[in-house]
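# Architecture and fold: a report
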Protein chains: 2
Amino acid sequence: MSFKLLPKAGTYNFKAEPFHCDFQHQLFMGHLGNAMLNAADFHSNDRGFGMNYLNTINKTWVLSRMAIEMSEMPRAYERFNITTWVESAMRYFTSRNFEVATPDGRPMGYGRSIWAMIDTQTRQPTNILDINDGLIAKYIEKDRPCPIANASRVVINEEAKPKRSIATTYSDIDVNGHVNSIKYLEHVLDLWDLDWYKSHRIARIDIAFVAETHQKDILTLYVTEKEPLVYEVRITKKEEKGNGKEIEVCRQSVKFMNI
Amino acid sequence: MSFKLLPKAGTYNFKAEPFHCDFQHQLFMGHLGNAMLNAADFHSNDRGFGMNYLNTINKTWVLSRMAIEMSEMPRAYERFNITTWVESAMRYFTSRNFEVATPDGRPMGYGRSIWAMIDTQTRQPTNILDINDGLIAKYIEKDRPCPIANASRVVINEEAKPKRSIATTYSDIDVNGHVNSIKYLEHVLDLWDLDWYKSHRIARIDIAFVAETHQKDILTLYVTEKEPLVYEVRITKKEEKGNGKEIEVCRQSVKFMNI
């Protein structure tokens, strides 16, 4: 296949639709996260290394880590742009950054993500640079700033206490056939109630994905307060047809700010 | 306030973003329902009887019933249009219809809805025709077809059995401060698993809303099979600060078709 080279970064327009907004009329962080995944998907498909092509050769992208740091959130009815670009690409990992901005270009926040590519049959990592003769390497953009720290591995205190268990269902499962990455983020943010969100906003989130979850697996969330306003959450699953053993699927760190 | 008269019907463009689609790469019915609510919101705001204006005079719209009947669902990456118009408006109720169509105008399905208006302080119904000197009456469109049956009251068999209980959390609460109407639909559709959806599609849904639910209320879903492929679901709540009594919040009828 041959592809016309496009600009390295791609910008996609979104709107904070009112029924995607929370009680304070701000876009839910989960909807913003999904918009980032959609932007990543549009950008990579347009450039010849997206899921639409990968699925025809039994490969797919797997999100390994993600970090989001917002100084403000889009409000109901506001339009916003997500610009995304590939910062680096190696054999087994590629990093993709995001800028969220107002339509007139004022940055509202940033995201960082790390992705692996796997073979959908063996579930083993495959060489990203083999795709279309290393096409992704032509799109590496090192110069565009993404002024937030790298997405963290999120090391969790082993003494965290179980706080909530959740059964996964049909609407949790995305086009890839397993639980949508952003659902874990929503489950974590749901650990706090409306009163908390009246006086706190999310300053930064780090998510490290460890294993995939399937329909009917039971998720359990373990929470520790690492320092004031910083919480670490481990999510485990018990598989529907498993032996009852808990398997870690995801680790998150959430940093709040007082408002 | 004075408003320039716009066309009676309004058409809004949407895209079935891949991370709003299910494992079969079709838009989730819940996302379609939210898109309809967003279209209703855009249409009414543009025409001077939307929530943005109503909130300034301590009034709001309350969704009373909704029906959706789709012959096909938008697939991942496809654009679709939702056209919405007011079919009738009386003192205490107005009916609003929806057509979902491909960008070239081929209908994919329809929706019907009935809305009341309440005073946000007394929670009592208020006269819809009092708003901006009965402005809504200028927008009644009786001639445009909406070839599906009216949204049903959904009469439920009292012998339904409890099937699942769910705690409501931060991300269930929408801009109105209570559980998003469409969440009830998602909870009902989550009663079936991926295997079911591999061989069945949703032909029609009716939802009748009875009471509002607040954060931390516990929802319980009661299900009966009315006839083959037709299920009726009653949702009750136990209020967080209540006396443990169950209060009916919503009734739904879901009709499936074999595929």
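Structural data are supplied above this passage.
The rules behind the values
Residues numbered from 1 in each chain as written. Chains lettered and ligands numbered in written order. Predicted model: local features only at pLDDT ≥ 70, side-chain atom pairs only at ≥ 80, totals over all residues. Heavy atoms only, no water. Phe/Tyr/Trp six-rings, centres within 6.5 Å; stacked < 30°, edge-to-face > 60°. Lys NZ or Arg CZ within 6 Å of the ring centre and 35° of its normal. Contact = heavy atoms within 4.5 Å. Buried area = accessible area lost by both parts, 1.4 Å probe. Salt bridge = Lys/Arg side-chain N within 4 Å of Asp/Glu carboxyl O. Polar contact = N/O pair within 3.5 Å; in protein donor to acceptor, adjacent residues only side chain to side chain. Helix = DSSP H or I, 4+ residues; strand = E, 2+ residues; numbered from the N terminus. Buried < 20%, exposed > 50% of the residue type's maximum accessible area, 1.4 Å probe, protein only. Least-squares fit on C-alpha atoms with pLDDT ≥ 70 in both. Pairing = 2+ DSSP bridges. Axes fitted to C-alpha atoms, helices over the stretch in contact; angles between N-to-C directions. Patch = residues over 30% accessible without salt bridge, like charges linked within 9 Å, V, L, I, M, F, W, Y side chains within 5 Å. Areas by Shrake-Rupley, 256 points an atom, 1.4 Å probe, with all protein chains shown as cover.

### A look at the packing of aromatic side chains
Taken as a whole and assessed by the stated rule, the structure comprises 30 aromatic pairs over all chains. A network of ring pairs unites the aromatic residues A:F23, A:F28, A:W192, A:W196, A:Y197, A:Y231, A:F256 and B:Y170 as a single cluster. Lying across the ring of B:W85, B:R144 places its NZ or CZ 4.9 Å from the centre.

### Details of the interface of chain A and chain B
Each side of the interface is counted separately: chain A has 39 residues, and chain B has 39 residues. Both faces considered, chain A and chain B share a buried interface measuring about 3800 Å² in area, 59% of it formed by carbon and sulfur atoms. It is A:F19, A:Y170 and A:V175 that lose the most area in chain A upon contact with chain B, and together they represent 24% of the buried surface on that side. Linking chain A with chain B are 2 salt bridges, by the criterion used here. Between A:K216 and B:D193 there is a salt bridge, with its nearest N and O atoms 2.8 Å apart. For the pair chain A and chain B, the number of links is 22 residue pairs in polar contact (both at pLDDT 80 or more).

### Things to note about the environment of A:S199
All names here are of chain A. Inspection of the secondary structure assignment puts S199 in helix α4 (residues 194-199). Note on S199: relative accessible area 29%, which makes it partly exposed. Measuring from C-alpha to C-alpha, the distance between S199 and I259 comes to 5.2 Å, with 60 residues separating the pair along the chain. If we skip the residues at most four places from it in the chain, S199 touches M257, N258 and I259.

### Description of the relation of the copies chain A and chain B
Once chain A is rotated about the relating axis by 180 degrees and shifted along it by 0.0 Å, it coincides with chain B to within an RMSD of 0.0 Å. Overall, the copies show the geometry of a two-fold rotation axis. Within chain A, the C-alpha atom positioned nearest to the axis of rotation is that of A:I166, 4.6 Å from it. Counting the interface residues of chain A, we find that 100% of their copies in chain B are interface residues as well, pointing to one common contact surface.

### Here's the deal with the sheet that holds strand β6 (residues 161-167) of chain B
Residues and elements named next belong to chain B. Here 10 strands make up an open sheet; going across it, the order is β1-β3-β4-β5-β2-β7-β10-β9-β8-β6 and the pairing antiparallel. The sheet is open, and its two borders are formed by β1 (10-15) and β6, each paired with just one other strand. The average angle at which neighbouring strand axes cross in this sheet is 25 degrees, direction not considered. Note that strand β8 (residues 218-227) and strand β9 (residues 230-238) share 9 bridges and pair antiparallel. Each residue of the ladder has a partner; that of I218, found in β9, is K238.

### With respect to a nonpolar patch on the surface
Residue and element names in this part refer to chain A. Taken together, the side chains of M90, Y92 and F93 define a hydrophobic patch exposed on the protein surface, amounting to about 300 Å² of accessible area. Looking at the secondary structure, you find M90 in the loop between β3 (79-89) and β4 (94-101). M90 sits in the exposed class, given a relative accessible area of 51%.

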